[in-house]
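Close look at the chain arrangement
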Amino acid sequence: MRLFFVDEHERASESLDRIELMSLDGDRHGRFVARWVARRIEERLSEGERQALREAAEPELRLWSLAGLWPSTRRRQPDLEPRGALVSRLVAEVGVEVGALTCLPDRPQAVAACADGTLAVVELRGQEAPARHETEASALLAIARGPQPGQVVVAGTAGYLALWDVTRGQELARTGHPDCLYYHTVQCLDGCAAVLVEGSGISDRYDWEEPGVPTPEPEDLAPGEEEADGFADDAGRFRRAVTHRLRWDLARDELTAVAEVDDHVYGSVLTSDGALRLGFRLRRAELQRLEPAGPIVRLGAHLATVRAAALSKNGRLAVSGDEAGVVWLWHAGSGQAHERLTLAAEGLDGVTSLALAPDAGLLAVGSQRGLVYLYRPGSGEPFWVLPGHAEAVTALAFTADGERLVSAGKDGVVRAWDVGPLKVGH
């Protein structure tokens, strides 16, 4: 089998009986594409997959094709060029990676949880410098609106979990679980002053009992290194990771344990009524009904590590995206796959963040290459691609009215996009 690559000087190279890919942008894209192509070849490509391969041209990969699958070696251009005609504003440069975002429902502001442990309050209707507030965390990983106007709940490393009034720049309350190393999920519940929280810690168990998974050797793990849902402690012994689900009653300032699971998740999202949870880890996402309690439904269609998830406001639609650029939409009630979406060039760009509009009419997908892809669920392909970030898009959030989309990236830039005209009703 032959793989052709043509660079900007129209020089071609070929490799027989092996897959060999060159890239103008270094080894990373070549490695992803070669692995993706190899998997598809082993599965015997369908006609639809062949068409997807034909359309997978990128600026870094001017042309690549498989002899025998299609004969053409002409230069192809990407079908989806990044389009920036959509009105956008550079609303802030926070100067550091943003880990999470939330939009305040009562005012045109977004609050960014930053990797240096600060909160940045960004004005969406102007270009004023964002107000910065220092926290006790070394890095902030999650944020959610609070029970009162101007309030947010933030969480991060070193067991930091706090309620902030960002209009006054004041920490109102702080709590923490002694066994949590960090918190990755916070969700304020509607109609009550309570917050659901998830965090990760280390259990007292040293064994590994999952069938078919070998126990890691202690010498293979550095202290604190995660491997196979576990960590190596200071003595080099392998200890299993555990996920703590907590409820913080803000009125009483009480943090109570709801559940403890011998498993480690990269993150999760919860509906605002606390009834549904969507967690993600490795190559799968997991749906679980919390109210009333139900079993975990494993969504195992992903072939790469899942990096982001989202739930619709009404809890009917679940979304998960992986680092190979594949996005799955699921019926939250049944756990059945609803739709499979791919970024403009599957395998060349990975999903780093997701957000659903309040009416679930728009899906925003942030990517490793700094683009934001916009989909209408049910359409099958992105209808708009937004450039604007020099590095990965790490956080996305819609305003409460769905008129604006706020994006933030590893480059420390926060942008606001006026997506109201893209609504189906307009």
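Further up the page is the structure itself.
Anyway, here's the lowdown on the structure attached to this text. As the structure is a prediction and not an experimental result, all values here were calculated from the model.

1. Considerations on the overall build of the protein
Of the regular secondary structure elements, the protein holds 2 helices and 32 strands. The buried share of the protein, taken over its 426 residues, is 54%. The contacts in the protein between residues at least 6 apart in sequence include a share of 45% that link residues at least 24 apart. Accessible surface, the protein as shown: approximately 19200 Å² in total, 47% of it carbon and sulfur.

2. Let's talk about the pattern of salt bridges
Throughout the structure, instances matching the rule amount to 11 salt bridges. Arg 245 serves as the salt-bridge partner of Glu 198, at 3.1 Å between the closest nitrogen and oxygen. Of this pair, Glu 198 sits in strand S14 (residues 194-202) while Arg 245 sits in strand S16 (residues 238-249), and the two are 47 residues apart along the sequence. Relative accessible area serves as the criterion here: at 0%, Glu 198 is assigned to the buried category. Taking relative accessible area as the criterion, Arg 245 reaches 10% and is therefore assigned buried. A cluster of three or more residues bridged by salt bridges with shared partners is formed by Glu 198, Arg 245 and Arg 277.

3. Thoughts on the side chain of Gln 187
In this structure, Gln 187 sits in strand S13 (residues 182-188). Residue classification places Gln 187 among the buried residues on the basis of a relative accessible area of 17%. The contact partners of Gln 187, leaving out residues within four places of it in the chain, are Ala 144, Ala 194, Val 195, Leu 196, Leu 270, Thr 271 and Ser 272.

4. As for the environment of Arg 247
Residue position: Arg 247 is located in strand S16. On the accessibility criterion, Arg 247 (34% relative accessible area) is partly exposed. Along the backbone, Arg 247 and Val 195 are 52 residues apart, and their C-alpha atoms lie at a distance of 5.7 Å. What Arg 247 contacts, discounting residues up to four positions off in sequence, is Leu 189, Cys 192, Ala 194, Val 195, Leu 196, Glu 254, Leu 255, Thr 256 and Val 258.

5. Describing the side chain of Thr 243
Tracing the backbone through its elements, the reader meets Thr 243 in strand S16. Those residues within four positions of Thr 243 in sequence are excluded, and the remaining contacts are His 184, Glu 198, Gly 199, Ser 200, Ala 259, Glu 260, Val 261, Asp 263, His 264 and Val 265.

6. A closer look at the nonpolar core
Counting 19 residues, the largest nonpolar core has Val 98, Leu 101, Val 406 and Val 414 as its most contacted members. Of all the secondary structure elements, the ones that give two or more residues to this core are strand S4 (88-93), strand S5 (98-103), strand S6 (109-114), strand S7 (118-123), strand S30 (393-398), strand S31 (404-409) and strand S32 (413-418). If you look at the next biggest cluster of nonpolar residues, it comprises 17 residues, including Val 319, Leu 329, Leu 363 and Tyr 373.

7. Details of unusual backbone geometry
Note the cis peptide between Glu 291 and Pro 292, where omega equals -5°. For Pro 292, the location among the structural elements is in the loop between strand S20 (284-289) and strand S21 (296-299). Phi at Asp 253 is positive, roughly 55°, even though this residue is not glycine. For Asp 253, the position within the fold is in the loop between S16 and strand S17 (254-261). The phi dihedral of Ala 360 is positive, around 60°, even though this residue is not glycine. In this structure, Ala 360 sits in the loop between strand S26 (351-356) and strand S27 (363-367).

Conventions and cut-offs
- Residues numbered from 1 in each chain as written.
- Predicted model: local features only at pLDDT ≥ 70, side-chain atom pairs only at ≥ 80, totals over all residues.
- Heavy atoms only, no water.
- Helix = DSSP H or I, 4+ residues; strand = E, 2+ residues; numbered from the N terminus.
- Buried < 20%, exposed > 50% of the residue type's maximum accessible area, 1.4 Å probe, protein only.
- Contact = heavy atoms within 4.5 Å.
- Areas by Shrake-Rupley, 256 points an atom, 1.4 Å probe, with all protein chains shown as cover.
- Salt bridge = Lys/Arg side-chain N within 4 Å of Asp/Glu carboxyl O.
- Core = buried A, V, L, I, M, F, W, Y, C linked by side-chain atoms within 4.5 Å.

Interpretation in functional terms is not warranted from these geometric data alone.
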